[in-house]
4 protein chains.
Amino acid sequence: MIDRYPWPDELDGALCVSFDFDGESPYLWRTRRDESDEIAELEQRRYGPRRGIYNILTMLAEVSVPATFFIPGWIAAHYREAVVEIAAAGHELALHGWCHEPPGALSDQEMRETLTRASGLLGDIAGAAPIGYRSPSFQMTLRGLEVLASVGLRYDSSMMGSDRPYLIGDLVEVPVDWTTDDAIFYRYTAGDVRPPVPAATVIESWAAEIKAAARLGTLVTLTMHPWMSGRPARVTELGRLLQEVRNSGHLWLGHISDLAEYHRSVPKASFTTIADSLGRPHD
Amino acid sequence: MIDRYPWPDELDGALCVSFDFDGESPYLWRTRRDESDEIAELEQRRYGPRRGIYNILTMLAEVSVPATFFIPGWIAAHYREAVVEIAAAGHELALHGWCHEPPGALSDQEMRETLTRASGLLGDIAGAAPIGYRSPSFQMTLRGLEVLASVGLRYDSSMMGSDRPYLIGDLVEVPVDWTTDDAIFYRYTAGDVRPPVPAATVIESWAAEIKAAARLGTLVTLTMHPWMSGRPARVTELGRLLQEVRNSGHLWLGHISDLAEYHRSVPKASFTTIADSLGRPHD
Amino acid sequence: MIDRYPWPDELDGALCVSFDFDGESPYLWRTRRDESDEIAELEQRRYGPRRGIYNILTMLAEVSVPATFFIPGWIAAHYREAVVEIAAAGHELALHGWCHEPPGALSDQEMRETLTRASGLLGDIAGAAPIGYRSPSFQMTLRGLEVLASVGLRYDSSMMGSDRPYLIGDLVEVPVDWTTDDAIFYRYTAGDVRPPVPAATVIESWAAEIKAAARLGTLVTLTMHPWMSGRPARVTELGRLLQEVRNSGHLWLGHISDLAEYHRSVPKASFTTIADSLGRPHD
Amino acid sequence: MIDRYPWPDELDGALCVSFDFDGESPYLWRTRRDESDEIAELEQRRYGPRRGIYNILTMLAEVSVPATFFIPGWIAAHYREAVVEIAAAGHELALHGWCHEPPGALSDQEMRETLTRASGLLGDIAGAAPIGYRSPSFQMTLRGLEVLASVGLRYDSSMMGSDRPYLIGDLVEVPVDWTTDDAIFYRYTAGDVRPPVPAATVIESWAAEIKAAARLGTLVTLTMHPWMSGRPARVTELGRLLQEVRNSGHLWLGHISDLAEYHRSVPKASFTTIADSLGRPHD
């Protein structure tokens, strides 16, 4: 009934491990017109670039898992040393706006400028320009997709329309899923109405997602944030899960860029393509 | 103290497995006056008609469980191939508005038109006109019930006033329950305040509901959505539960239409009837 | 450091099992100025008087546990047969307003009238006037407490200022706790933002509360609602818990009225009393 | 990649057990312009000074764990006997405003006055002036930090920028974390949208945090409230956890003041320092 996707190396499915290394940038964007000198959430988010990112890099090295880091330009400018260390460890650097701006809040020209500016900085650190983008909060617009293509990007990883890569015009979409995003489980900042979910519960649920991906031949894209998933108990549980995946050997593990480029080489006849127009249909 | 309902085949209780195959239609209805070109939630919901529905059909075939699919006309028009496949597999097709409109938002005439239009399309695919209806979000009005009867429907499955079928005027109500609805556990779209509940937790809780139904002689109606319950980990857990129910043999399993028609044949004397007026009482 | 409360029969602690049999009355109060003909929540709540109350009475008989039912007059008027059955089974009937009105929404005179009217009806069914009150949603005002005393009531069971009975003026307060209230775990009506907690999780947590009460010598007052806790899986789990308590024999189990009257007989010297003024202090 | 912090006594990590003994003070602050005579939440919060604090002191004595109590002056004035007992048991008293005022709501002069007034009262009870502060709800401003230093305090324990002590100007910050705060899990007051998390779940999650702290060489600061964590089931579970930590012997356990003063003695070269400016950066 459903054809099976031909994953690389004839593996059962795929797991992309990715981090949105956003630190305080979403807060700075959100409060960009504030004059307040509140610093509680700033400090809370700085746990990421100060401590969490290093916990994560240590853990990734221990389990030998390559990851993709989506990094706002602002973070690369203010925490360049951490970003250099990410690149030096062999992980992929990709775009996440300049200061975590959602596509719908910018004109095309503004969006293009944030991407170009961040691309220059990340490319300078990594030695090659980034080819992928993830939008803040998984928001996306039709115009935003066009801007991404217009600046020469090869893939986007922000949408949820499938559980395997798919083509949207000239871009490959490597889909994500809220269920495998850490923020909706872990994020708690002052005034929120529900507490964080314990790490063991989240990781157990992700383990079930990963197991089901191997069974059904699909992709899981983990989306995480160093200021949340870099905390000790969480990074410990995450390392345990990745070690299991590494040991089991059933899933392809790699950079999102590699999966996106691979997808372009897959014969279209071998799996369902998505031909629908993406925008709001008119009935 | 409570008389026992005479379930078909002298079974202990009943389980109706149902899906609201709504895809992007609730979003289109909700944003029908928007001009935005945001596509994140559209893509998220399209997982249902693109992928989730096929995962579900495969699973239902594996466990040999007949289900009822409530399908907005808009979905049948835009994803006819999927709906043809549902009908071909022997599942029941039933009404869910044209584009997921809640009864309270329509005039009687408008509601009648959405139902007639959707009925024509679903009847064309199934070979026979649908005889049942489920309202979006389990909302219902007194006028809405009258419209349902006026267009010749035989049953509604949207309300929670009992745990076994009951008569409301000329309609049979096959009741539902929020506790066995997947959306309140699984749905997460941008901006929501709580994360999805892990599939294992939801299915374990449904297993307890089903076990209690056999003990107390009641009905469980599972209400699910392909863009949520069709995701790999969830459909895997759901299949496991349905296999258990199938194996245990304690519950009647079948189309809601069959249970509704059966109820008309049960002697009234053998179980409590509901004679109350349904509307707001005046004290 | 803390003196131990002298529970009846030299038991370790106490458990009061209580039900707020409110059915559709809170909805009628909340929407008393609506003209809508929506019936979804009305039907959902009617599960209580139609089905849940009988599941609960059956279960209580099985485990031989006496309970206290707080019943709005409106419910006794519209579902008299169910209330007769409650009284006939030996459970206590107590006041819960006429139509679930919170004290702060009424003038003293209005509150007095709702209580008097409901007391007449419940007294007629039980053969003796009720002597206790529970406020809707555990809200309370200083004036409300005075009204309760002025109509001759002996106890209130709505507040959380201790974990054993305490005196407030002429009233005994038999305290409750949100943690052992079913509604905040189980209630889900359309539009709510979080799903119900599984019955097994709730009951396991209540079991821990009860165990700790025996250890620390305190009181647990379970507050439940037939339209929620009367559902099959929940009433099954609740029955299991009450059977365990009954078997263990460590806790006093009985009507709240009996505990309140007992408290008046306890020598003050044997436990801490609360002498603080209750209202907002002026510093 | 990350240097290890040199914890006292060459231990693996550290655990600071702390309580914000706020009772009804946050409610009084929040409703300071109300004229209502509602008393439900007042009574709910009074469980802390009436009962919870004594349950906690008993438990801490049983497990021999020294703790730090942040106490609004208003509480010390109204429940002096309880505060005397805390000090007599050898626990640290520290500042928490006069009536739970957040720094951002006060002028510098007002904040200074609340601190000075509360310091006088707590110092009188403890025999020495308090040297530390925790802000209500973990809120903080740049100006607030300056006020804390200006009144001679030595440490703050309100922010989340690391998982070990760090210097902010002349203050030592002993960081906290929402994940190890009881309020976001346990607090439920009328109208909240999600129920309290069971004690066993919270304590199990804290046990994982503590275990990870030993593994990664970090600090856990538990932040708790007597009106919540002093309830029987919760204090029982907490005692079990602290007994385990005490038995395992891996973590330094002590007053926050001692850890803060110790930090000043650690050679800077041996661990990462935080040199960033704390306020909103200008890009």
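Going by the structure above, here's the rest.
Residues numbered from 1 in each chain as written. Chains lettered and ligands numbered in written order. Predicted model: local features only at pLDDT ≥ 70, side-chain atom pairs only at ≥ 80, totals over all residues. Heavy atoms only, no water.

**Observations regarding the overall build of chain A**
Along the backbone of chain A there are 11 helices and 9 strands. Expected size for 283 residues packed as a compact globule is a radius of gyration near 19 Å; at 18 Å, chain A falls within 12% of this value. A principal-axis box enclosing the C-alpha atoms of chain A has dimensions of 60 × 45 × 40 Å. Among the 283 residues that make up chain A, the fraction classed as buried is 64%. Of all intrachain contacts in chain A linking residues separated by at least 6 positions in sequence, the fraction that spans at least 24 positions is 72%. Counting every atom, chain A has about 9700 Å² of accessible surface; 49% of that belongs to carbon and sulfur. Looking at chain A, you have 26 positive and 39 negative side-chain charges, and the mean spots of the two groups are 1 Å apart. (Helix = DSSP H or I, 4+ residues; strand = E, 2+ residues; numbered from the N terminus. Rg over C-alpha atoms; globule rule 2.2 N^0.38 Å. Buried < 20%, exposed > 50% of the residue type's maximum accessible area, 1.4 Å probe, protein only. Contact = heavy atoms within 4.5 Å. Areas by Shrake-Rupley, 256 points an atom, 1.4 Å probe, with all protein chains shown as cover. Lys, Arg positive; Asp, Glu negative; His and termini not counted. Charge placed at Lys NZ, Arg CZ, Asp CG, Glu CD.)

**Digging into the interface of chain D and chain A**
Each partner contributes to the interface: chain D provides 41 residues, whereas chain A provides 40 residues. Linking chain D to chain A there are 2 salt bridges. For Arg231 of chain A, the salt bridge goes to Asp177 of chain D, with nearest N and O atoms at 3.8 Å. There are 12 residue pairs in polar contact (both at pLDDT 80 or more) connecting chain D and chain A. Elements supplying a minimum of two residues to the side of chain D that touches chain A: α6 (142–150), α7 (183–186) and α8 (199–216) of chain D. (Salt bridge = Lys/Arg side-chain N within 4 Å of Asp/Glu carboxyl O. Polar contact = N/O pair within 3.5 Å; in protein donor to acceptor, adjacent residues only side chain to side chain.)

**Examining the pairing of strand β2 (residues 68–71) of chain C**
Residue and element names in this part refer to chain C. Burial along β2 is two-sided: the residues Thr68 and Phe70 and Phe69 and Ile71 are all buried. Bridge count for strand β1 (residues 13–20) against β2 is 3 bridges, and the pairing is parallel. Among the inter-strand pairings, Phe19 is bridged to a residue of β2, identified as Phe69. Relative to strand β3 (residues 92–95), β2 runs parallel, the two sharing 4 bridges. Residue pairing across strands places Phe69 opposite Leu93, the latter belonging to β3. (Pairing = 2+ DSSP bridges.)

**Considering the interface of chain A and chain B**
Where the parts come together, the accessible area they lose is often given as the size of the interface. With 41 residues of chain A at the contact, the number on the chain B side is 40 residues. Taken together, the links from chain A to chain B amount to 2 salt bridges. The partner of Arg51 of chain B in a salt bridge is Asp163 of chain A, and the shortest N-O contact between them spans 2.7 Å. Where chain A packs against chain B, one counts 12 residue pairs in polar contact (both at pLDDT 80 or more). Elements supplying a minimum of two residues to the side of chain A that touches chain B: α6 (142–150), α7 (183–186) and α8 (199–216) of chain A. Per-element tally for the side of chain A that touches chain B: the top contributor is α8 of chain A, with 7 residues.

**Description of helix α2 (residues 40–63) of chain A**
All names here are of chain A. Between its first and last C-alpha atoms α2 spans 33 Å; for 24 residues at 1.5 Å apiece the expected length is 34 Å, and the two agree. Along α2, the sharpest kink reaches roughly 50°, centred on Arg51. Across the 24 residues of α2, 21 count as buried, placing the element largely inside the fold. Immediately beyond the C-terminal end of α2, within one or two residues, lies Ser64, with a positive phi of roughly 55°. (Expected span 1.5 Å × (residues − 1). Bend = angle between axes of the 7 residues up to and from the residue.)

**Re the relation of the copies chain D and chain A**
By a simple turn and slide, chain D fits onto chain A: the slide is 0.0 Å along the axis, the RMSD is 0.0 Å, and the turn is 90°. With respect to symmetry, the two chain copies, as superposed, fit the operation of a four-fold axis. Interface overlap between copies is the fraction of interface residues in one copy that are interface residues in the other; for chain D against chain A it is only 5%, indicating separate surfaces. (Least-squares fit on C-alpha atoms with pLDDT ≥ 70 in both.)

**Quick look at the pairing of strand β1 (residues 13–20) of chain B**
Residue and element names in this part refer to chain B. Among the 8 residues that make up β1, 8 are buried, leaving the element largely enclosed by the rest of the structure. Every second residue of β1 is oriented toward a common face, with Gly13, Leu15, Val17 and Phe19 on one face and Ala14, Cys16, Ser18 and Asp20 on the other, all of them buried. One ladder, built from 6 bridges, connects β1 with strand β8 (residues 219–224); its direction is parallel. Within the sheet, the bridge partner assigned to Leu15 lies in β8 and is Val220.

**Section: the relation of the copies chain A and chain B**
Put simply, the two copies of the chain differ by a rotation about an axis and a shift along that axis. Superposition record for chain A on chain B: RMSD 0.0 Å, screw rotation 90°, translation along axis 0.0 Å. The share of interface residues of chain A whose copies in chain B are also at the interface is only 5%, consistent with the copies meeting through different surfaces.

**Examining the packing of aromatic side chains**
Two numbers describe a pair of aromatic rings. These are the distance of the centres and the angle of the planes. This structure, assessed with the given rule, holds 17 aromatic pairs over all chains. Ring plane angle 45° and centroid distance 4.3 Å describe the contact between Tyr5 of chain C and Trp7 of chain C, whose orientation is recorded as tilted. When sorted by exposure, Tyr5 of chain C lands in the same class as Trp7 of chain C, which is buried. These aromatic residues form a ring-pair network of at least three members: Phe138 and Trp178 of chain A together with Tyr188 of chain B. Here the guanidinium or amino end of Arg234 of chain C rests over the ring plane of Tyr186 of chain C, the centre of that ring lying 4.0 Å away. (Phe/Tyr/Trp six-rings, centres within 6.5 Å; stacked < 30°, edge-to-face > 60°. Lys NZ or Arg CZ within 6 Å of the ring centre and 35° of its normal.)

**Points about a nonpolar patch on the surface**
Where nonpolar side chains cluster on the molecular surface, the patch consists of Val193 of chain A, Val193 of chain B, Val193 of chain C together with Val193 of chain D and spans about 270 Å² of accessible area. Relative to the assigned elements, Val193 of chain B resides in the loop between α7 (183–186) and α8 (199–216). For Val193 of chain B, a relative accessible area of 39% puts it in the partly exposed group. (Patch = residues over 30% accessible without salt bridge, like charges linked within 9 Å, V, L, I, M, F, W, Y side chains within 5 Å.)

**Some thoughts on unusual backbone geometry**
The phi angle at Ser137 of chain B is positive, at roughly 55°, despite the residue not being glycine. Relative to the assigned elements, Ser137 of chain B resides in the loop between β4 (132–133) and α6 (142–150). The backbone phi angle of Glu10 of chain D is positive, close to 55°, even though this residue is not glycine.

**Some remarks on the pattern of salt bridges**
Pairs can form between side chains of opposite charge whenever their charged atoms are close. All names here are of chain D. Taken as a whole and assessed by the stated rule, the structure comprises 56 salt bridges over all chains. Ionic pairing is found between Arg30 and Glu41, a salt bridge with its closest N-O pair at 2.6 Å. Here Glu41 lies in helix α2 (residues 40–63) and Arg30 lies in helix α1 (residues 25–30), a separation of 11 residues in the sequence. Judged by relative accessible area, which is 13%, Glu41 ranks as buried.

The values are spatial; any link to function lies outside them.
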